[in-house]
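# Architecture at a glance
What follows is each chain in one-letter form.
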Amino acid sequence: MINAPLSELRRALDAREISAVELASLFLDRIEAANPALNAFITVDRDGALAAAREADARIAAGTAGPLTGIPLAHKDVFCTEGVLTSCGSKMLANFVSPYDAHVVTLLKNAGTVMLGKTNMDEFAMGSSNENSHYGPAKNPWDNTRIPGGSSGGSAVAVAARLAPIATGTDTGGSVRQPAALTGVTGIKPTYGVCSRYGMVAYASSLDQAGAFGASAADCAALLTAMAGFDARDSTSLERPAEDYSRDLDKPLAGLRIGLPREFFGPGMADDVRAAVDAALAEYRKLGATTVDVSLPNAQLAIPAYYVIAPAEASSNLSRFDGVRYGHRAAEYGDLADMYEKSRAQGFGAEVKRRILVGTYVLSHGYYDAYYLKAQKLRRLIAEDFRAAFTQCDVIAGPTSPTTAWAIGEKSDDPVQMYLSDIYTIAVNLAGLPGLSHPAGFGTGGLPVGLQLIGDYFAEGRLLNAAHRFQQATDWHTRRPAAFA
Ligand code: GLN
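This text gives an overview of the structure that appears in the document. Bear in mind the structure is a predicted one, so any value in this text is a computation, not a measurement.

Counting its regular elements, the protein contains 15 helices and eleven strands. A compact globule built from 485 residues should have a C-alpha radius of gyration of about 23 Å, and the protein, at 21 Å, falls within 12% of that. Projected onto its principal axes, the C-alpha positions of the protein cover 65 × 55 × 45 Å. Taking all contacts inside the protein whose residues are at least 6 apart in sequence as the whole, residues at least 24 apart take part in 75%.

Next up on the list: the nonpolar core. Ranked by internal contacts, the top residues of the largest apolar core, which has 149 residues, are Phe124, Leu163, Tyr284, Phe386, Leu430, Leu453 and Leu464. No other element matches the ten residues that helix α9 (residues 302–317) contributes to this core. Setting aside residues no more than four positions away along its own chain, Phe124 makes contact with Cys88, Ser90, Met92, Leu93, Val201, Tyr203, Leu318, Phe321, Phe348 and Val352.

What follows covers the packing of aromatic side chains. Overall, the coordinates contain 16 aromatic pairs when judged by the stated rule. Ring centres 4.8 Å apart and planes at 75° place the aromatic pair Tyr306 and Tyr307 in the edge-to-face group. Within the aromatic cluster, the residues linked to one another by ring pairs are Phe96, Phe124, Phe321, Tyr326 and Phe348. Over the face of the ring belonging to Tyr198 we find Arg233, whose NZ or CZ atom lies 3.8 Å from the ring centre. Positioned over the ring face of Trp406 is Lys411, at 4.0 Å from the centre of the ring.

Sheet architecture is open: eleven strands sit in the order β1-β3-β2-β4-β6-β5-β10-β11-β9-β7-β8, paired in mixed fashion. Because the sheet does not close on itself, it has two edges, and the strands there are β1 (41–44) and β8 (290–294). This sheet shows a mean twist of 30° between the axes of neighbouring strands, independent of strand direction. Bridge count for strand β5 (residues 186–189) against strand β10 (residues 435–442) is three bridges, and the pairing is antiparallel. Paired with Gly187 across the two strands is Ser437, which belongs to β10. Along the sheet, helix α7 (residues 217–227) contacts β2 (72–76), β4 (166–170), β5 and β6 (210–214); its crossing angle with β6, the most-contacted strand, is approximately 145°.

This part takes up the state of the cysteines. This structure, assessed with the given rule, holds zero disulfides. Cys80 supplies the cysteine sulfur nearest to Cys88, a cysteine that is in no disulfide, at a spacing of 8.5 Å. No disulfide involves Cys195; its sulfur sits 12 Å from the nearest other cysteine sulfur, which is in Cys220. Note on Cys195: relative accessible area 1%, which makes it buried.

All chains considered together, the criterion is met by 21 salt bridges. Here Asp338 makes a salt bridge to Lys342, at a shortest N to O gap of 2.8 Å. One end of the pair, Asp338, and the other, Lys342, are both in helix α10 (residues 336–347), four residues apart, so they sit about a helical turn from each other. Close ionic contact of Arg387 with Glu384 constitutes a salt bridge, the shortest N to O distance being 3.1 Å. In this pair, Arg387 and Glu384 both sit in helix α12 (residues 368–389), three residues apart, roughly one turn of the helix. For Glu384, a relative accessible area of 33% translates into the label partly exposed. Here the salt bridges share partners, and the residues they tie into one network are Glu8, Arg11 and Glu17.

The rules behind these values
- Residues numbered from 1 in each chain as written.
- Predicted model: local features only at pLDDT ≥ 70, side-chain atom pairs only at ≥ 80, totals over all residues.
- Heavy atoms only, no water.
- Helix = DSSP H or I, 4+ residues; strand = E, 2+ residues; numbered from the N terminus.
- Rg over C-alpha atoms; globule rule 2.2 N^0.38 Å.
- Contact = heavy atoms within 4.5 Å.
- Core = buried A, V, L, I, M, F, W, Y, C linked by side-chain atoms within 4.5 Å.
- Buried < 20%, exposed > 50% of the residue type's maximum accessible area, 1.4 Å probe, protein only.
- Phe/Tyr/Trp six-rings, centres within 6.5 Å; stacked < 30°, edge-to-face > 60°.
- Lys NZ or Arg CZ within 6 Å of the ring centre and 35° of its normal.
- Pairing = 2+ DSSP bridges.
- Axes fitted to C-alpha atoms, helices over the stretch in contact; angles between N-to-C directions.
- Disulfide = S-S within 2.5 Å.
- Salt bridge = Lys/Arg side-chain N within 4 Å of Asp/Glu carboxyl O.

Listed below in C-alpha cells is the structure:
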C-alpha cells in the first residue's frame, strides 16, 4: 500500500480492502519512524488526520466518495490550515495557529483528503536547499548528508520517502520542480493564476503559485485537478472552466514537437545530469516525439531579473510581520519603533533579512528606475522569448537543475552559487508558464536527476500527458531510496 499509486489506493479504499483510518495510520507510523532522520515535517497532526479519515470512511460507506476521498497528503507549511500551526519555516510565525484555511486547503479538504501534517520549507519559501528553515534542514532520503532542494523540500522528501503519497508545494522560482528533481519525484507548477493564492503566505505575489508533488505524473494530475479553481478572494485567480488534468494522460506522443533551448544545454550543466537528460530525450523520440532546436536569448537574464523583482515584492509582503497582530514579538522593548525593530530582528533569519534589504533598496527613490523597472522590462522580454519558441514547438525540455543534490552546508556561505542553482526554473515563473519535473535517471553517487518540461499557458494537461507516457515506458519514477523502499 505504501508504494501504491493513487489509482490503486482509490480501488482498495472503495473495495474496503483498507479503511481510510488504516491507511492514514500506516503513513503516520512511517512518519513517526522516519521523521527524526529526515526532518520532512514541522507538524504531524495525528488526531486531525484520524478524524478526517473517519469522515472519509463515512463518505466511502455512503457512496459519496470522490477521487481523493480518504487519500492521505501533506501540505507545505506555507498554506494556512485552520487550527494547525502555520509557521512558514520561520521563527516569526512559530506561534501562528491559523484561524482559517487557504483556498487550496479548503478544496482538498472538501475532496475528502486526509492531511497528515505540515512540511518543512525554507523560511518564507526563500531558498533552494531547505537549509534556511528555522526548524533545521530537511534531508534527502537518497543520501541524508545532502539537501533535498527547496523551498518545498519537506514535501518532496515526504513523497520520495513515501511518508505521504502526495503533497502540496509552492513554486516562486522553482520550489516545486527543483526539489522534485533532486529527490526523484514528479512535481508540477501550473500556469500563474490556476490555483488561488488565498491563504498561501505571500513571498513574491506576482510569481508565487501552488503546485503538486507525486510519485508519478498521473498522481500529480489527480492532485492538481482538485487544487485548481477560481477563487474571488485572490484577484489574480483565473476564472476558467474546471479542468480534468488526467483527461489526456494516455494520448500518444506521436508528432509532439519538443523544443530544446540552446541556452539550457550549454556549459553549467553537470555531465551526469546531461547524460540522464540526453537519455530521457532519446526515450521521448522513441515514443514518437521530435526534437527541435529553439532559443531563449534572454534566459540568462532571468536570475538577475528575479533577484530584483522577488525581493522587491517580498520586502513589501513581509512588512506585515510587525509583532503586533500575530507572529513573534520581542519580550522586551522600549517604544513602538523599538518593538518593531527587535521583533523583526529576532523573528527573521539571515536570508529573509538579506532579501528585505535588497528589495527595499531596489524600490527606493533613485534606484527604482535603474533596478526594478529594468527588471520588469527583462521580464517582458523573457516572456516574449517563450512566446516565440512556442511557435516552433509544443513543449520545451531541458534539465530541471544544473546538478544533483549537493552536500548540506556546501553553498550556505555563498548566496550567489545558491541563486544560480535555479537557472533553468526561474524564467518559467517570470513568464507565468506551467512547468513540470519528472525523474529521468540517476547521476553520480546514485542521486536522482530530473527532466523539466515547460508548456505554453494552460498546457498543464500536455505536460502531464508527456510525462505519463514517458513513465509508462520507463521505471525511474518507481525507484525508491533503499532505506525507505
Ligand atoms: N530558490 C528560489 C528563491 O530562493 C525560488 C524559491 C521558490 O520557488 N519559492 O527565491
